[in-house]
Amino acid sequence: MKTKDIILELRTKHHMTQSALAERLSVTRQAVSRWETGETTPDIDTLKALSKLFDRSINTLLGSPRQLICQCCGMPLDDASISREPDGAFNEDYCKWCYADGRFVYQSMEELIAFLADHMASETYPAEQVRRFCEEQLPKLKHWKTEHGNENQGQDPR
């Protein structure tokens, strides 16, 4: 779905006129009309405001042009699983299980791997195989990837 269609659908779903949406965003009705015809796309600040107003990630508003994955555990992300900052804004880098209330849940990669191995293991995918896979893949993710090991732990992920 394209941005123009998403904005139109969200606006009508929320029973808003173009004028009402424009007023909420401090833009003109013509600007809303241009977004909905595809003539223009909202700027980043307006996308942030639309994200907050409609409770959708910016990625979703842009038609999901990229597949988001949690940069801590590697899980695919959608609007229901994306983490939020303490102010309620989406944080499109992490899932809500790895990053909550402005903090990382797992203090070390070993702690996360132990959790994943316990919860993902099955007859066809034994815990040791899960562990090896995670040990290979997790270091490639933004949260765990640094030049000097795990020095970014506990820091703001933005």
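Residues numbered from 1 in each chain as written. Predicted model: local features only at pLDDT ≥ 70, side-chain atom pairs only at ≥ 80, totals over all residues. Heavy atoms only, no water.

Engineer: Help me understand helix H2 (residues 18–25), please; the structure alone is not making it clear to me.
Structural biologist: For an α-helix the count is 3.6 residues per turn, leaving residues at separations of three or four pointing the same way. Here H2 has its buried residues at Gln 18, Leu 21, Ala 22 and Leu 25. Buried residues in H2, looked at end-on, bunch into an arc of 100°, giving them a common side. Residues of H2 that are exposed and point over 90 degrees away from its buried face: Glu 23 and Arg 24. Elements in contact with the buried residues of H2: helix H1 (3–13), helix H3 (29–37) and helix H4 (44–54). The positive-phi residue at the C-terminal boundary of H2 is Ser 26, with phi of around 60°. (Buried < 20%, exposed > 50% of the residue type's maximum accessible area, 1.4 Å probe, protein only. Helix = DSSP H or I, 4+ residues; strand = E, 2+ residues; numbered from the N terminus. Arc of directions from axis to C-beta. Contact = heavy atoms within 4.5 Å.)

Engineer: Sorry, what's going on with the pattern of salt bridges here?
Structural biologist: Pairs may arise between side chains of opposite charge once their charged atoms sit close together. Under the definition given, this model contains four salt bridges. One salt bridge in this structure joins Lys 142 and Asp 93, with 2.5 Å as the shortest N-O distance. Of the two residues, Lys 142 sits in the segment after helix H7 (127–137) while Asp 93 sits in strand E2 (residues 90–95), which places them 49 residues apart along the sequence. Looking at Lys 142, the relative accessible area reads 38%, which means it is partly exposed. For Asp 93, a relative accessible area of 22% translates into the label partly exposed. (Salt bridge = Lys/Arg side-chain N within 4 Å of Asp/Glu carboxyl O.)

Engineer: Got a minute to help me understand the nonpolar core in this structure?
Structural biologist: Soluble globular proteins tend to pack their nonpolar side chains together in the buried interior. Cys 70, Cys 72, Cys 98, Leu 112, Leu 138 and Trp 144 are the most contacted members of the largest nonpolar core, which totals 23 residues. Among the secondary structure elements, those contributing two or more residues to this core are E2, helix H6 (109–120) and H7. It is H6 that contributes the most residues to this core, five residues altogether. If we ignore the near neighbours within four places in the chain, the residues touching Leu 138 are Cys 72, Cys 73, Met 109, Leu 112, Ile 113, Leu 116 and Trp 144. Membership of the second largest hydrophobic core comes to 15 residues, among which are Leu 10, Met 16, Ala 22 and Val 32. (Core = buried A, V, L, I, M, F, W, Y, C linked by side-chain atoms within 4.5 Å.)

Engineer: How should the environment of Glu 85 be read in this particular structure?
Structural biologist: Looking at the secondary structure, you find Glu 85 in the loop between strand E1 (82–84) and E2. Glu 85 sits in the buried class, given a relative accessible area of 9%. Measuring from C-alpha to C-alpha, the distance between Glu 85 and Gly 102 comes to 5.4 Å, with 17 residues separating the pair along the chain. At a separation of 2.7 Å, a polar atom in the side chain of Glu 85 contacts the side chain of Asn 91. (Polar contact = N/O pair within 3.5 Å; in protein donor to acceptor, adjacent residues only side chain to side chain.)

Engineer: Mind showing me how you'd approach the state of the cysteines here?
Structural biologist: In a disulfide, the sulfur atoms of two cysteines are held together by a covalent bond. All chains considered together, the criterion is met by zero disulfides. Between Cys 72, a free cysteine, and Cys 98, which holds the nearest cysteine sulfur, the sulfur-to-sulfur gap is 3.8 Å. Exposure remark for Cys 72: the relative accessible area of 1% places this residue in the buried category. Just so you know, Cys 73 is unpaired, no disulfide at all, and the nearest cysteine sulfur is the one on Cys 98, 3.7 Å from it. Judged by its relative accessible area of 19%, Cys 73 falls in the buried class. (Disulfide = S-S within 2.5 Å.)

Engineer: Explanation requested: the packing of aromatic side chains in the structure shown.
Structural biologist: By the definition in use, this model includes four aromatic pairs. Aromatic pair Tyr 106 and Phe 115: ring centres 5.8 Å apart, planes at 45°, arrangement tilted. Overall, the relative accessible area of 11% leaves Tyr 106 in the buried class. Ring-pair connections join several aromatic residues into one group, and the members of that group are Tyr 94, Tyr 99 and Phe 104. Cation over ring: Arg 84 sits above Phe 90, and NZ or CZ is 4.1 Å from the ring centre. (Phe/Tyr/Trp six-rings, centres within 6.5 Å; stacked < 30°, edge-to-face > 60°. Lys NZ or Arg CZ within 6 Å of the ring centre and 35° of its normal.)

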